[in-house]
Amino acid sequence: MRALVFERSLPRYAAAKVAAAFGAGLGARVGPLALSDIPEPELPGPDWRRVRPRLAGICGSDLSTVDGKASAYFEPLVSFPFVPGHEIVGELDDGTRVVVEPVLGCAVRGVAPPCAACAGGHIDRCERLAFGHLAPGMQTGYCTDTGGGWSTALVAHQTQLHPVPDTMSDETAVMIEPAACAVHAALGSGAFGRTVLVLGAGTLGLCVTAALRRFAAPSTLMVAAKHPQQRRLAAELGADLVVGSEEVRRAVRRTTASLRVGTGLSGGVEVVVDCVGSQASLAEDLAVVAPGGTIVLLGMPATVAVDLTPLWQRQITLRGSYAYGVEDEVAGSPPLPARTFDMAFDLVTEAGLDRLVSATYTLDRYRDAIDHAANAGRRDAVKVAFDLRTERRR
Amino acid sequence: MKLPLRPSFPIGPPTWPTGVELQPPPRRTGVHYDTDWARRWPARVARAVFVDDLLRPLVAVLGSPLVTGLDRLADLEAPAIFAANHHSHLDTPLVLTSLPARFRHRAVVAAAADYFFSSRVKSAYSALTIGAIPIERTKVNRRSSDLAASLIDGGWNLVVFPEGGRSPDGWGQDFRGGAAYLAIRCQRPVVPVYVEGTRRILKKGAQLPTPIGRPFARGTGVRVTFGKPLWAQLGEDSRRFAVRVEAAVAELGDETATDWWTARRRAAAGTTPSLTGPTTAPWRRAWALDDQRRRRGADPTWP
Amino acid sequence: MTSPRGDAVSPSPVGRPALRTRPGLVLEVERSTPPVLFHAGEGFHLERLPVGSRVIYPAEPVTPLADPDAAIGHALANPVGDSEPLAALLRPGMSLTIAFDNQAVPLPPMRRPDNRQRVIEAVLDLAAEAGVDDVELIAAHGLHRRMTEPELRHIVGDRVYDAFAPQGRLTQHDAEDHDNLELIGRTPEGEYVEINKRAATSDLLVYVNVNLVAMDGGHKSTMTGLASYRSLRAHHNVNTMQHSRSFMDQERSELHHSAWRMGRMLGEHVKVFQIETTLNTDTFPKQFSFLQKREWEWSARDRASYLAVSKSLDRCPPRLARSIFHGIKSPQKMTSVQAGEVEAVHALTTASVYRQQLVPIDGQADILTMGLPYVGPYNVNSVMNPLLVMCVGLGYFFNLYRGKPLVRQGGVVIMSHPTPWEFNPVHHPSYIDFFEQVLPETTDPAEIEAKFEADFANDPWYIHLYRTSYAYHGVHAFYMWYWGSHALQHVDNNVIIVGGNPRAVRRMGFKPASTLRDALEMAEDVVGRNPSITHLHSPPILMADVT
């Protein structure tokens, strides 16, 4: 089968890092990612199914892997060679369309009894990601045994599969995985009735905006977006106020009626959802979050240098948000379906998130695809995906 | 061969024959010195360069002056008579360099004939550098007053120190009527000017000037304050007008020492401190002058 | 002391009527008409207008008073309306407050001595004579920014500043200092009359004004300059501004009707002695004198200086150009001064302003063009940001009419100004937020007012900056937009800015054009082929009398 394969090759990894310094996405040209013909993955057990991807999204974490920017932290949590792609809508051999929930928790790995987190349904906090009968890998798309979305076939455990209703388009369905991340972050942020700033308006930022609006009822929802198309979409998806990335501090100051102290604010928003995850964005978070507030880090940060003095003095909570599992009941919110993915199904339809899918590419054009995805904002795009519906299947 | 040191007539001057009555030499110093040449173009250009490029920096180094009240001259058309109090030789350069250009480059200074015009050389120097014209200190001399009046009528501004001389002790002297007389005669206004602090630089009898203030730092040294132009009122004689001019200068002195509003209120109440100081014992007059008590220089520091 | 120049040797200048030199002119452009000067911020250019366009030229500066100080003395001694001479109103032991206009007038700032300095000194002279000890001076800047020391010194003069400021007797009005505001009452229309406490509780309030345009002065002086926000809100709002046709014409201005109601109420509470002065339009110093000449009268020297100035401005960095222009001190001169009861005084003042500024013109045009200068009332010593461009163009210039607007209903306004996306963060902090956060959402004045005004007006940071720094009040940015609301309504948002930053221009809902020719082409889409065009050749200031 044809697949984009990520090899373990230190020289190519180094080359990707160098190339990426000249422009995001250039790592695809020289790096360890290559289009190959490889055997289809074998079914690891009886509960497993073969999935033929129809659409597979390109995620920010995929891009940082391609550009050689991923943290060394992931080293033990992936297994090489792997086929990237974890935002997958595909079909089973019987023609049923499914969305894959890619996290490889205890149940999928055949770990019995499951770890405490998985036992409660919180597969996002699974403690056995490198163990069990599968090779290490946090998700489908990072594990050599399962294959990934950027190919014509992969295998998935039946607990990973969510059937897609006939009325739902592939474009809508491919947004379910990022939407689930967004729902998880939105509900975990404690945004109910609070002032919230979403920093960054790429796929995640926009999905978080929609999720906050649908499930979390913030008192004021501000979005900082860099590019014009992002601003339009953020406003459509329910932001009360959309500001340019240069205007964040002024807008927060005005909206929260704070004063300024030096370059920061005396007050600020109660919750910041950081969908960028860079050194600069963390500094910005700390400048605009209110004392006692919360920063939810949804973007993947890698190694950064940040002055944490304000975190200490203003007693700010900094919490990460990864993946999805089951959501706890939150006081004051309407009754929710427990599983994050189920909520994501609801969100993508209600908020019409299919509009975020800006472009699709065949596997042959993977360099263009990655280049487009890496510069999505600048090119007024949001989500770029591989379209595998036309690939030859053998 | 003996080289004649003194060439004989007709190359040299003739000798006066004995027995012929000796005529007094023509008087060409004092009020009789003719300063016309100093008001022609070459001299005026030279004087403008001297005043602007030499006197002004000199004054800036010595006195770092702060000039106020120029806005009161905004509506004034030349010519005018500028009447200032007088402490020091520095007053003339100071007032001259403080005047707005439209007055400065067409100004003459009334200077004591007996001092500034005592010799031909000194006369030429005074006339050229500051545009001095000779004036008798004590009496009204017909020739000098005619000269001054004709100059004012011809559009020249006159700087005059009506006290008639520099202050001997730091207090002012009564104003004489010359400036007032000329103002009435020519129907021009008198601008009162108050000069403060020049005595600390170069007082009467001092040999060398002592710079005060930080050089070129405006406002750290001496002060020049221009007052509102005064016009003689209908039927006012020069003595009464002179008193009014003196009062105006005294008010400016008060304004310099305190502030304008205080000075105005004291003027309205008739309690402006006079320029001439208290009529008491000399030591009390001296004591009342604060420049006597000013500390000169810093304490020596020992290694 | 009396006025030093009394019934004296010199001729008395008082009462000489301000002679009118050449009046304003409406010129019809034909093929032999030279190109017409357009101001455009820190620069200007010559443009050829289509044949048949009309250009309104201002009147030449009228002859000023020969002796302004004597005229002031005369006005104080011979007040108009129901008022005694100032000297008779002063007595020992009374409290006297002198309020004066801020740096927003005149434009550009006039050469020293300022009218206000002359008048204040004359008033204080009389107060000193009368033995008044309790005197306080208040800069009546309303919700404008506080003035810096040099700006205050320029207005009141060094003598007054040095005498009063160190003792804290020269203060600036603070509309957010609620302990020092006095609520006088509410008018039957529900307007709060609330002004500076010291002014409201003095035995005599003397207001010293410079009446640059017909909008200034009268009861508006006290009712804006010394008022609180809730008091100002009575007339500084969209409804009032849209019903002021124009706000330069006090007879037909809701703004003035409201201020007059409130001022009369104030007058029952405190004795107000108003002193108003007017200026001629001798606006530019010698090196820029071509700016106030008619192009066909430019001498060789004018042409040379036009070329030299405009070429060097093209090459010089904007910052430098700005500092050169803001260094201009205008040679304007006082043309009249009157004192006494507010309304009687203001009637004379208005007549005097009209005498200088009114230019009659027949009929409206489809397109109104104007060149906006580098300075407006709110950016003295600062950059003219896009909101100020809007306010100066659609607020001030558009409203400089009596009768009907210069442009017909549904016509187009074309203004030339570089409109940089640039703000002075010290002077205009709320403007930045208004531009970034309010305008992207809506440019409709009424909606802006309903949705955002309260937030901005009560923002503690803006209040802090207004009170302690040099910032305009948070709500002031809104007034900029309200000021143009009548124009926006009248021309249905058809505004084109020539040579502006396109993003900034679009943000305000206007259309950017790179040249005047393009702008005229664009305008034809709205008003049809062969439109009639009127160009407002200003500054110097003129006010069109449209019939």
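Residues numbered from 1 in each chain as written. Chains lettered and ligands numbered in written order. Predicted model: local features only at pLDDT ≥ 70, side-chain atom pairs only at ≥ 80, totals over all residues.

A look at the overall build of chain C
Worth spelling out the cut-off: Only DSSP runs of H or I reaching four residues or more are called helices, and only runs of E reaching two or more are called strands; each is numbered from the N terminus. Values of the radius of gyration come from C-alpha atoms, whereas the globule rule sets the reference at 2.2 Å times the count of residues to the power 0.38. Put plainly, a residue is buried at 20 or more neighbouring C-beta atoms within 10 Å of its own, exposed at 12 or fewer, and partly exposed in between, counting only other residues' C-beta atoms, which are placed from the backbone.
Assigned secondary structure in chain C consists of 20 helices and 20 strands. Rg of the C-alpha trace for chain C: 23 Å, near the compact-globule value of 24 Å for 547 residues, within the 12% margin. Overall, the C-alpha framework of chain C stretches about 70 × 60 × 45 Å when taken along its three principal axes. Looking at chain C as a whole, 57% of its 547 residues qualify as buried.

Quick word on helix 17 (residues 476-483) of chain C
Residue and element names in this part refer to chain C. Rules: Residues are scored as being in contact if the C-beta atoms we place from backbone atoms lie within 7 Å.
In terms of residue burial, helix 17 counts as a mostly covered element, since eight of its eight residues are buried. When we look at burial in helix 17, the residues that qualify are H476, A477, F478, Y479, M480, W481, Y482 and W483. The elements touched by buried residues of helix 17 are helix 8 (238-242), helix 13 (386-399), helix 14 (429-438), helix 15 (445-457) and helix 18 (485-490).

Structural notes on the interface of chain A and chain C
As a reminder, the rule being used: The classification used treats Ala, Val, Leu, Ile, Met, Phe, Trp, Tyr, Cys and Pro as nonpolar, Asp, Glu, Lys and Arg as charged, and all other residues, Gly among them, as polar.
In this complex, chain A contributes 11 residues to the contact, which on the side of chain C involves eight residues. Elements represented by at least two residues in the side of chain A that touches chain C include exactly strand 10 (241-243) and helix 10 (248-255) of chain A. Of the residues contributing to the side of chain A that touches chain C, the split by class is five nonpolar, one polar and five charged.

Focus: unusual backbone geometry
Here A112 of chain A and P113 of chain A are connected by a cis peptide whose omega angle stands at -5 degrees. In this fold, P113 of chain A is placed in the loop between helix 4 (106-109) and helix 5 (116-119). The step from P539 of chain C to P540 of chain C runs through a cis peptide bond, and the omega angle for that step is 0 degrees. At A217 of chain A, a residue that is not glycine, the phi angle is positive and equals roughly 45 degrees. Even without being a glycine, N493 of chain C presents a positive backbone phi close to 65 degrees. With respect to the helices and strands, the residue N493 of chain C is situated in the loop between helix 18 and strand 17 (495-498). Given 15 C-beta atoms within 10 Å, N493 of chain C falls into the partly exposed group.

Considering the confidence of the model for chain B
All names here are of chain B. As a reminder of what qualifies: Scored from 0 to 100, pLDDT records how confident the predictor is in each individual residue.
The share of residues in chain B with pLDDT of 70 or more is 89%, and the mean pLDDT across the chain is 84. For chain B, helix 11 (residues 282-288) is the element with the lowest average pLDDT, namely 66, and strand 2 (residues 81-84) is the one with the highest, namely 95. Predicted confidence for residues 291-298 stays below pLDDT 50, and this span has four contacts to residues more than four positions away or in other chains.

Focus: the interface of chain B and chain C
Note on interface size: it is often stated as the accessible area lost on association of the parts. Across the contact, 21 residues belong to chain B and 24 residues belong to chain C. Considering each element in turn, the side of chain B that touches chain C owes the most residues, eight residues, to helix 10 (residues 260-269) of chain B.

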